[in-house]
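# Tertiary structure, described
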Amino acid sequence: MADKTLICRCEDLTQKEIEQAIDDGYSTLDELKCRLRLGMGPCQGRSCISLARRVLCQKTGKTQDEIILPTSRPPVVPVSLGTLASDKK
Amino acid sequence: MNKIEKKADVVIIGGGVNGCSLAYQLAKKNKKVVLLEKSYLCSGATGRCGAGIRQQWSTKENAELAINSVKIFERLEKELGAEIGLRQGGYLIAVHDQKDMRQAEKNVLMQKNLGLDVSILSPEEILNIVPILDVKGMKAIGATFCPTDGHVDPFKTTHAYAKAAEKNGAKLYNFTTVTDIKTKNKRVESVITSKGTIKTNTVVNAAGAWSKKISDIVGIKLPNKPFRKEILVTERVKPMFKTMVISFKDGIYFSQQDEGQILGGIPIPNEQSGYLTNPTFDFIHHMSKTLTRYAPILKHVNVIRQWTGYYDVTLDARPILGETDKLKGFIQCNGFSGHGFMLSPMVTKLLTEYIVDGKYPEILESLNLDRFKDKTTVKEVSVVG
């Protein structure tokens, strides 16, 4: 099952790929992000980060509270360059 | 918790691209290497940078370092046996007025003498290279272009160096902080960390924006200042251009990544130094405004993320490398002023040869900390971001 279970839909990452990276020594969500682009697509980790955290808990024996979440980056939702460039208040 | 090594030939502080590349090269030359990283590899400037590689510089030293660095990047995948994501789509540098043009001509002449393939483009030729640009909107009268400039993936590269270093016997410790450095008779004796003490006579300070703090421990004042720099990235769109577009006047740089995102940065007005990490609206507004002036077609593309990282900036925008008589065995590898990634292959090669064989070429002397005692240092003017 796990090899076909998608965790990060934007970047097309499976549970198996995430488990493999954890086995390779990447032990935090930030490192998984750097390694695999986890949570770096248009949804900005909304659907995948909590799932990846669960995988990390299962693999490392840590509790969810012990896992530090990646920094949330603005904008909260995708905004066009044209809108952001506007001087209209 | 993994126990730390008790002894090492060289202790490297900082797990960015420079620290990891040094660890690899020193280990390959049979040095016992320990690398200490206070967070995880690439957590500082390396993992936050634009990762462009540019050979078009105004000072001969930087141009030479960059040209030789690109040659190393070109064969690095083969050497490390891992992907580094090299893309050579060129750098196009906008020229805005006659004064710019005179500097560009001077730079191109110097760069050509070093054997670089670089040329001056007319406005029409700019569009042949990057069709989405609006030359009028950019206010460009021309550009310089070097086709072998480009981009390398900073994560893949650093991880490839780290893996190769470990394979050659280097020990890398993440989440390990340096609390003290002991010295005796102007020599380094040991490094004290959160995981124990390591006896060593050689320490490399490759701590990026935190290098100043590391150097403070041994009482050597660095003139470096940390500056927060910001980048934004858009959603993925179809491939439109492979070139990095930059302007020294506007400070902007942007390119399209292999996966399709447009990624770029620009300095915000009235930038101040300090350890600031919050992203600003000033940046995202100013960047969007300038980017859509350069390439109006992008106005419908969505921005999905902005983030910050530090430039470790020196007085002349050039790195600080090597040791001084004040403390032997304390080797600086910092002050890259926003160009640490692209210069890393050559810088770490020079430092490795210095540490292992005692080679001290002119370029290392010209980038020594002691140059600031002399008031006639030549400032690098070709800086963006």
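A few points on the structure. This one's a predicted model, so the numbers in the text were calculated from it and none came from an experiment.

## Regarding helix 2 (residues 29-36) of chain A
- Of all the 8 residues making up helix 2 of chain A, 6 are buried; the element is thus mostly covered by neighbouring parts of the structure.
- Of the positions making up helix 2 of chain A, those classed as buried are Leu 29, Glu 31, Leu 32, Lys 33, Cys 34 and Leu 36 of chain A.
- Buried residues belonging to helix 2 of chain A abut strand 2 (13-14), helix 1 (15-23) and helix 3 (49-60) of chain A together with helix 6 (154-167) of chain B.

## Brief notes about the pairing of strand 17 (residues 302-313) of chain B
- The buried count for strand 17 of chain B comes to 10 of 12 residues, which makes it a mostly enclosed element.
- Looking at chain direction, strand 3 (residues 79-80) of chain A and strand 17 of chain B are connected through 2 bridges and run antiparallel. For Val 79 of chain A, the partnering residue across the bridge sits in strand 17 of chain B and is Val 303 of chain B.
- The pairing of strand 13 (residues 225-236) of chain B with strand 17 of chain B spans 10 bridges and is classified as antiparallel. Each residue of the ladder has a partner; that of Lys 225 of chain B, found in strand 17 of chain B, is Val 313 of chain B.

## With respect to the interface of chain B and chain A
- If you look at the interface, chain B gives 29 residues, while chain A gives 26 residues.
- Buried surface at the junction of chain B and chain A, summed over both partners, amounts to about 2,400 Å²; 58% is from carbon and sulfur atoms.
- Taken as a group, Tyr 40, Ile 304 and Arg 305 of chain B account for 25% of the area that chain B buries against chain A, more than any other trio of residues on that side.
- Connecting chain B to chain A are 2 salt bridges.
- The partner of Arg 236 of chain B in a salt bridge is Glu 11 of chain A, with the nearest N and O atoms 2.6 Å apart.
- Summed over the shared surface of chain B and chain A, the number is 11 residue pairs in polar contact (both at pLDDT 80 or more).
- Listed by contribution, the elements that provide at least two residues to the side of chain B that touches chain A are helix 6, strand 13, helix 8 (281-294) and strand 17 of chain B.
- Per-element accounting of the side of chain B that touches chain A gives the leading share, 7 residues, to helix 8 of chain B.
- Of the residues in the side of chain B that touches chain A, the class split is 12 nonpolar, 10 polar and 7 charged.

## Side note on the nonpolar core
Residues and elements named next belong to chain B.
- Grouped together as the largest cluster of nonpolar side chains are 62 residues, with contacts concentrated most on Ile 12, Leu 65, Val 204, Val 347 and Leu 351.
- Looking at which element gives the most residues to this core, the answer is helix 9 (residues 340-357), with 9 residues.
- Not counting chain neighbours up to four residues away, the residues in contact with Ile 12 comprise Gly 19, Leu 22, Ala 23, Leu 26, Val 33, Val 34, Leu 35, Leu 36, Val 204 and Ala 206.
- In this structure, Ile 132, Ala 143, Leu 232 and Val 245 belong to the second largest nonpolar core, which totals 31 residues.

## Quick notes on the sheet that holds strand 17 of chain B
- A sheet is described by the order of its strands in space; here 9 strands give the open sequence 3(A)-17(B)-13(B)-16(B)-15(B)-14(B)-4(B)-6(B)-5(B), paired in mixed fashion. Unpaired on one side and paired on the other, strand 3 of chain A together with strand 5 (119-121) of chain B mark the two borders of the sheet.
- Packing against the sheet, helix 8 of chain B makes contact with strand 13, strand 14 (244-246), strand 15 (253-256), strand 16 (261-265) and strand 17 of chain B, and its axis sits at approximately 55° to strand 13 of chain B.

## Structural notes on helix 3 (residues 98-113) of chain B
Residue and element names in this part refer to chain B.
- Its 16 residues give helix 3 an end-to-end C-alpha distance of 23 Å, which sits within 8% of 22 Å, the value for a rise of 1.5 Å per residue.
- For helix 3, the complete set of buried residues consists of Met 101, Ala 104, Asn 107, Val 108, Met 110 and Gln 111.
- Looking at the buried residues of helix 3, the elements they touch are helix 2 (60-80), strand 4 (91-95), strand 5 and strand 6 (142-146).
- In this structure Asp 97 caps helix 3, since a side-chain oxygen of it lies 3.2 Å from the backbone nitrogen of Lys 99.
- Following helix 3 by one or two positions, Gly 115 adopts a phi angle in the positive range, close to 95°.

Conventions used here
- Residues numbered from 1 in each chain as written.
- Chains lettered and ligands numbered in written order.
- Predicted model: local features only at pLDDT ≥ 70, side-chain atom pairs only at ≥ 80, totals over all residues.
- Heavy atoms only, no water.
- Buried < 20%, exposed > 50% of the residue type's maximum accessible area, 1.4 Å probe, protein only.
- Helix = DSSP H or I, 4+ residues; strand = E, 2+ residues; numbered from the N terminus.
- Contact = heavy atoms within 4.5 Å.
- Pairing = 2+ DSSP bridges.
- Buried area = accessible area lost by both parts, 1.4 Å probe.
- Salt bridge = Lys/Arg side-chain N within 4 Å of Asp/Glu carboxyl O.
- Polar contact = N/O pair within 3.5 Å; in protein donor to acceptor, adjacent residues only side chain to side chain.
- Nonpolar A, V, L, I, M, F, W, Y, C, P; charged D, E, K, R; others polar.
- Core = buried A, V, L, I, M, F, W, Y, C linked by side-chain atoms within 4.5 Å.
- Axes fitted to C-alpha atoms, helices over the stretch in contact; angles between N-to-C directions.
- Expected span 1.5 Å × (residues − 1).

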